[in-house]
Amino acid sequence: MSGAEGVADTYKTTGRSTTTPVADKQRKELLVDSDVLEIQINDTPTANDDCVQVKCDCMQHRHNAPCRIRLRKPGSGDITAVLTNPDGRLRFAGAGDTTTTVVVPGSGAWVSFEISGEKGSQAIDDAVIEAHRDSADGEVLARKPVTVFWFDQAKMDLKVGSAYAIGRDMYQPQDREGITHSAQARLQPDGLDYSASPLSVLKVGIVQNDMTNGFSGETVWGNPTIEWYLDVPPGTKTSVPAQYHEVWNTVGINNDTDPYSTPLYDQPGTPEDPNHWEHSTMPPINCPGGGPTLSADGPATPTDDARTQTATDTDGDEVGTVTYPVTRYRVSGKFMVWTVIFNTKTKEVCPLRQRGWSVDATSSATTPQLIKIDAHDAPVTLKPVLDRIANDVVNDPANRFKGPIGSKKITFSR
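It should be emphasised that the depicted structure is a prediction, and the values quoted were computed from it without experimental measurement.

**Student:** Looking at this structure, I do not really get the pattern of salt bridges. What am I missing?
**Tutor:** A complete count under the given rule lists 14 salt bridges for this structure. In this structure, the salt-bridge partner of Glu 38 is Arg 70, at a minimum N-O distance of 3.0 Å. Pair noted here: Glu 38 is in strand β1 (residues 37-41) and Arg 70 is in strand β3 (residues 65-71), with a separation of 32 residues, a long-range link. The partner of Lys 55 in a salt bridge is Glu 118, and the shortest N-O contact between them spans 2.9 Å. Separated by 63 residues along the polypeptide, Lys 55 in the loop between β2 (51-53) and β3 and Glu 118 in the loop between β7 (111-117) and β8 (127-133) bring together distant segments of the chain. Taking the relative accessible area as the measure of exposure, Lys 55 reaches 24% and is therefore partly exposed. Among the charged side chains, a network of salt bridges with common partners joins Lys 55, Asp 57, Arg 62, Arg 91 and Glu 118.

See below:
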């Protein structure tokens, strides 16, 4: 990026031995300005972690970085320092905290404060903290460069997979992957040290919400047959419902995840739970080991056995057994999936892109039943739900109904 090359080269060299004359001059000026006070970002003396993540507008969250300040030469009196950020990229640390005041003790003890990212840096070290004596326009006692990192080139790619079919125990996509997700993002500004602690805990992940808020699955039994008891006389009649069904419903919007993966749709497996995608979280694409984040989905409903029930005559006496074979399975739902930045330490997510998809597959159809996807991903307009797990809602007995369909009956005569 324009104007960032010299500073970036200096930043990437741990020992700061590869510099330009301009960078040397800037460093000397900073050293002179920093003779009185020392400022450390993320509470370390190293320069590669002097960075903070830009705020997340969607989740209304600010990623605060711990900082500290002290006198370089203890023994003098306390100093009141007003910290400012002239370029406006930082806050101290709430949204309205454009300055903060700290009393730096003459003993040389550290005093803590926090910063957060307001606007992304266009170059490494282009956000500067200034420490002023007594007031915001007082003498500058120290300057400390910081980088507000952010992410671009975010994508959420979806690809339609296999068609639905009735398997041994599920009505689901034939290879269980009715849709595949591929998410990515790039860390900016380029050249940051991804091994530094504020960055190494960040992965590109996927959050998926079940947006259905209603009917999500159904099994239908119909075309009943009867086996009469041997002692039932000719002319006996019985009437039974023409069809039965069991319906699964969702309530509200829920996070499509499991207790291991939450809040993400998926996370790489462990020996205790290995059935997860290996690349379901990944570093940003321009970082070591980076690449697309991959996972898949295929909403399904369990296959079931034939339904049987006792048949009775008009007097309520049992006269036979009615059998209903399964005639149809249906899976329905609407989903939204986000490309997110996931902090593996705090479990916070920040959505970058979103894309919707849906399914309405029925086993009685004569055409292939495929998942449908939105044509393109889009900027984030919806805040994902993280705290309610969709399968818990669907599997709650209160959200299931099993019984006759309508009032239509079929009459059998002996």
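**Student:** Mind showing me how you'd approach the sheet that holds β1 here?
**Tutor:** Two orientations exist for strands paired in a sheet by backbone hydrogen bonds: parallel and antiparallel. Taking strand neighbours across the sheet as the criterion, the 4 strands line up as β1-β3-β7-β5 in an open arrangement whose pairing is antiparallel. Strands at the two margins of the open sheet, each flanked by one partner only, are β1 and β5 (90-91). With 5 bridges joining them, β3 and β7 adopt antiparallel strand pairing. In the sheet register, Arg 68 faces β7, and the bridge partner there is Ser 112.

**Student:** Would you mind showing me how to read the pairing of strand β13 (residues 202-210) here?
**Tutor:** Counted residue by residue, β13 has 8 buried out of 9 residues, so it is predominantly covered. Across 9 bridges, the pairing between β13 and strand β23 (residues 326-343) is antiparallel. By the bridge assignment, Gln 208 is partnered in β23 with Val 337. Both β13 and strand β18 (residues 254-255) contribute to a ladder of 2 bridges, which runs antiparallel. Bridge pairing in β18 links Asp 210 to Asn 254.

**Student:** I would appreciate a short explanation of the nonpolar core in the present structure.
**Tutor:** One recurring pattern in soluble globular proteins: nonpolar side chains tend to sit buried together. Counting 31 residues, the largest nonpolar core has Phe 149, Phe 151, Tyr 164, Leu 187, Leu 199, Trp 357 and Val 359 as its most contacted members. Those elements giving two or more residues to this core turn out to be β9 (140-160), β12 (179-188), β13, β23 and β24 (349-362). If near-sequence neighbours (up to four positions away) are discounted, Leu 199 is found in contact with Cys 51, Phe 149, Leu 187, Leu 192, Asp 193 and Tyr 194.

**Student:** Sorry, what's going on with unusual backbone geometry here?
**Tutor:** Peptide bonds are, in most cases, trans, and in most cases residues other than glycine have a negative phi. Each neighbour pair has its own omega, and for Phe 92 with Ala 93 the value is 0 degrees, a cis peptide bond. Within the secondary structure, Ala 93 sits in the loop between β5 and β6 (99-104). The phi angle at Gln 60 is positive, at roughly 50 degrees, despite the residue not being glycine. Position of Gln 60 relative to the elements: it lies in the loop between β2 and β3.

**Student:** Sorry if this is basic, but what is going on with the environment of Asp 297 here?
**Tutor:** Tracing the backbone through its elements, the reader meets Asp 297 in strand β19 (residues 293-297). Between the alpha carbons of Asp 297 and Ile 179 there is a distance of 5.4 Å; along the sequence they are 118 residues apart. For Asp 297, the contacting residues outside a window of four places in its chain are Arg 176, Glu 177, Gly 178, Ile 179, His 181, Gln 208, Asp 256, Tyr 265 and Trp 357. Within the local environment of Asp 297, its side chain forms a polar contact with the side chain of Tyr 265, the two groups lying 3.2 Å apart.

**Student:** Hey, could you run me through the state of the cysteines in this one?
**Tutor:** Every disulfide links exactly two cysteines, by a covalent bond between their sulfur atoms. Tallied over the entire structure, the rule returns 1 disulfide. Cys 56 shares a disulfide with Cys 350; S-S distance 2.3 Å. On the sign convention where negative means left-handed, the S-S torsion of about 100 degrees between Cys 56 and Cys 350 marks this disulfide as right-handed. With Cys 56 in the loop between β2 and β3 and Cys 350 in strand β24, this pair connects stretches of sequence that are 294 residues apart. We classify Cys 350 as buried; its relative accessible area is 9%. Unpaired in terms of disulfides, Cys 58 finds its nearest cysteine sulfur in Cys 56, a separation of 5.7 Å.

**Student:** Help me understand the side chain of Ser 216 in this model?
**Tutor:** Inspection of the secondary structure assignment puts Ser 216 in strand β14 (residues 215-221). Judged by relative accessible area, which is 13%, Ser 216 ranks as buried. With residues near it in sequence (within four places) discarded, Ser 216 still touches Trp 248, Asn 249, Thr 250, Arg 330, Val 331, Ser 332 and Val 394.

**Student:** Looking at this structure, I do not really get the sheet that holds strand β22 (residues 318-324). What am I missing?
**Tutor:** If you walk across this open sheet you meet the 3 strands as β15-β22-β21, and the pairing is antiparallel. Across the chains shown, the open sheet's two edge strands, defined by having one partner strand only, are β15 (225-228) and β21 (307-312). The mean angle between the axes of side-by-side strands here comes to 30 degrees, regardless of whether they run parallel or antiparallel. With 4 bridges joining them, β15 and β22 adopt antiparallel strand pairing. Its bridge partner lying in β22, Thr 225 is registered against Thr 323.

Rules used in this analysis
Residues numbered from 1 in each chain as written. Predicted model: local features only at pLDDT ≥ 70, side-chain atom pairs only at ≥ 80, totals over all residues. Heavy atoms only, no water. Salt bridge = Lys/Arg side-chain N within 4 Å of Asp/Glu carboxyl O. Helix = DSSP H or I, 4+ residues; strand = E, 2+ residues; numbered from the N terminus. Buried < 20%, exposed > 50% of the residue type's maximum accessible area, 1.4 Å probe, protein only. Pairing = 2+ DSSP bridges. Core = buried A, V, L, I, M, F, W, Y, C linked by side-chain atoms within 4.5 Å. Contact = heavy atoms within 4.5 Å. Polar contact = N/O pair within 3.5 Å; in protein donor to acceptor, adjacent residues only side chain to side chain. Disulfide = S-S within 2.5 Å. Axes fitted to C-alpha atoms, helices over the stretch in contact; angles between N-to-C directions.

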